[in-house]
Amino acid sequence: MENTQRMPLEGIKVIELATVVAAPTAGRMLCAYGAEVIKVETRYGDEMRHAGEWEQVVCEMDNNPLFAIQNSGKRLTSIDLKNPEGKEAFLKLLDGADIFLTNVRLPSLGRLGLDYETLHKRYPSLIYAHFSGFGVKGPDAAKPGFDSTAFWLRNGPLADWQAPGSFPFTPTYAFGDMATSSAFFSGILMAVIGREKTGAGTFVSTSLMASGIWCNAIGVVSHQKQFAGDRVNDPLRPSDPFSHFYKCGDGRYIGIFDNEYGRDLPKFAKLLGIEDILDDPRCASLEALAKTDAVVEVVTRLNELFLTRLNELFLTKPSSEWIKLLEENNISCELMRRLSDVSSDEQAIANGFVEEVEFKDGLKVMMPCPPVKFSDYVTRPYTPAGVLGADTDSVFAELGYSAEDIARMRENKAII
């Protein structure tokens, strides 16, 4: 391999005016793969600096694992954009930038004179990457969007992924943000490729709502009225009893998954000791199972097998034995693991999906990593993110400001 110390996005400069998770995570991935990302915060700082308070993770200004997920490797500065000197300095930052990355709502950007039309006229090659909750058009364009609202509540999962009457499940914090950041990241890179061909910048945007719909695209189509419409999520009535979840003897769940019901039926029936269903016309196809409601009978039998009969099946047999047996028979399966298991998962560690990072006072944390790997490139090392304004002096010195200028601007509260 050659060039193993290079990163694929070297030479790209990004100015990030974004907070919390989705947009900063796109910036984080740009940074991880080599771009120089200068993050501009307000005097208060990114709200993500305080996320550890409700996630029960340390969140000191200079010791903050959750903030590092989105901001490791970025250069950190703080500018008051309502201060004329601050605004002028921000525009100087954009002078040499390739990408302006933001999730500030468009009306606010307009009031600051940072709307796309204004900046495109001044910097025609600048890529303007905007992230929102609900998209840039329509009645909800200016509505504040959160992961829980625009990604989860608006698009069906919380209503349709659980049994009727149960309390809505609570996704882990920022799950939808993280999923959406990858789409935003890819869109920004497409804009970079387009600019190489045309020389012109563009407005590239995505939203939590758009991503939530796209991630659940099959459900969005299959639940339309001309097809199955709304359906009850009944654990006794899965579409396929051999693509379902069952409890084992140690109380843990496993998922088993066939490739195609009709083709795999003989193998599953023999392995699970229910060969009699092979001669039952009600079980001949998924359509027959659903139409006759025989799926309830099959799932009930499997539940009993997995839960109550050793040597006959699941309750007295621990999950590890079931995984071994199923894998030996070339059946796709997986143990339902907890979030607390992931940081010690040998497969995750072997592939660099998580890596250990040392924070202040010897605190060591297994940190999730950007998910794309290259054979001939490296990524920027994972480091704890700094305090608010940690790189202000060096960033402003590179813009041509003297030490006296920086001190005066700091005294005037234009910067931190």
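We now turn to the structure provided with this report. All figures in this text were calculated on a predicted structure; none of them were measured in a lab.

Conventions we followed
Counting restarts for each chain: residues are numbered from 1 in the order of the written sequence. A pLDDT threshold of at least 70 governs which residues receive local features in this predicted model, and a stricter bar of 80 or more applies before side-chain atom pairs are shown or counted, although totals over entire chains, interfaces and linings include all residues. As a rule here, side-chain values come from all non-hydrogen atoms in the structure, and water together with hydrogens is ignored. Pairing between strands is defined by DSSP: at least two bridges between them are needed. Numbering of helices and strands starts at the N terminus; helices are DSSP runs of H or I of at least 4 residues and strands are runs of E of at least 2. Each axis is a line fitted through C-alpha atoms, taken for helices only over the stretch in contact, and angles between the N-to-C directions span 0 to 180 degrees. Should any heavy atoms of two residues lie within 4.5 Å, those residues are considered in contact. The span you would expect from a helix comes to 1.5 Å times its residue count less one. The classification of residues rests on relative accessible area computed with a 1.4 Å probe and restricted to protein chains. Under 20% of the type maximum is buried, over 50% is exposed, and intermediate values are partly exposed. Identification of polar contacts relies on pairs of N or O atoms within 3.5 Å, with a donor-acceptor requirement for protein atoms, meaning one able to donate a hydrogen and the other able to accept it, and with residues adjacent in sequence counted only if both atoms are side-chain atoms. Each Phe, Tyr or Trp ring (for Trp, its six-membered ring) is paired with any other whose centre lies within 6.5 Å, and the angle between the two planes then decides the class: stacked below 30 degrees, edge-to-face above 60, tilted in between. We count a charge as sitting over a ring when the NZ of a lysine or the CZ of an arginine lies within 6 Å of the ring centre and within 35 degrees of the ring normal.

To continue, consider the sheet that holds strand β8 (residues 253-257). Across the sheet, 3 strands lie side by side as β7-β8-β9; this open sheet has antiparallel pairing. Strand pairing shows two members of the sheet lacking a second neighbour, β7 (243-247) and β9 (332-335), which therefore form its edges. Across the sheet, the mean angle from the axis of one strand to that of its neighbour is 20°, orientation sign disregarded. Pairing geometry for β7 and β8, over 5 bridges, is antiparallel. Residue pairing across strands places Tyr246 opposite Ile254, the latter belonging to β8. Along the sheet, helix α15 (residues 319-328) makes contact with β8 and β9, crossing β9 at roughly 165°.

Here we take up the sheet that holds strand β3 (residues 75-78). With respect to topology, 6 strands assemble into an open sheet ordered β3-β2-β1-β4-β5-β6, the strand pairing being parallel. Of all the strands in the sheet, just β3 and β6 (203-207) have a single pairing partner and so form its edges. Taking each pair of neighbouring strands and ignoring which way they run, the sheet shows an average axis angle of 20°. Here helix α9 (residues 175-198) sits on the sheet and contacts β4 (99-102), β5 (127-132) and β6; the angle it forms with β5, its principal contact strand, is near 160°.

Across its 12 residues, helix α4 (residues 84-95) extends 17 Å between first and last C-alpha, which sits within 8% of the 16 Å expected from 1.5 Å per residue. For α4, the set of buried residues is Gly86, Ala89, Phe90, Leu91, Leu93 and Leu94. In this structure, the buried side of α4 is in contact with β1 (13-17), β2 (36-41), β4, α6 (116-122), α18 (392-398) and α19 (403-411). Between the side-chain oxygen of the N-cap and the backbone nitrogen of Glu85 there are 2.9 Å, and the N-cap of α4 in question is Asn83.

It is worth spelling out the side chain of Gln162 at this point. Inspection of the secondary structure puts Gln162 in the loop between α8 (157-160) and α9. Taking relative accessible area as the criterion, Gln162 reaches 13% and is therefore assigned buried. A polar contact is formed between the side chain of Gln162 and the backbone oxygen of Leu158, at a distance of 2.6 Å. In terms of polar contacts, Gln162 uses its side chain to reach the backbone amide nitrogen of Phe169, at 2.9 Å. Ignoring sequence-local partners within four residues, the contact set of Gln162 consists of Phe167, Pro168, Phe169 and Asn233.

Bringing the packing of aromatic side chains into the picture now. Following the criterion strictly, the structure yields 19 aromatic pairs and no others. When the centroid spacing of 5.5 Å and the interplanar angle of 85° are considered together, the rings of Tyr116 and Tyr128 count as edge-to-face. One end of the pair, Tyr116, is in helix α6; the other, Tyr128, is in strand β5, and 12 residues separate them in sequence. Considered together, Tyr116 and Tyr128 belong to a single accessibility category, that of buried residues. Each member of the aromatic cluster is reached from another via a ring pair, and the members are Phe90, Phe100, Tyr116, Tyr128 and Phe203. In this arrangement the basic side chain of Arg28 is found over the ring face of Tyr382, its NZ or CZ atom lying 4.4 Å from the centre.

Bringing the pairing of β7 into the picture now. Only one face of β7 is covered, namely the one carrying His244 and Tyr246; the face carrying Ser243, Phe245 and Lys247 has none of its residues buried. The antiparallel pairing of β7 with β8 creates a hairpin that spans 5 residues between the two strands, and Gly251 there sits at a positive phi of about 85°.

Assignment of secondary structure puts Leu119 in helix α6. The exposure class of Leu119 is buried, given its relative accessible area of 1%. It is 9.6 Å that separates the C-alpha atoms of Leu119 and Phe100, two residues lying 19 residues apart in sequence. Not counting the four nearest positions on each side in its chain, Leu119 is found in contact with Leu91, Leu94, Phe100, Gly113, Leu114, Leu126 and Tyr128.

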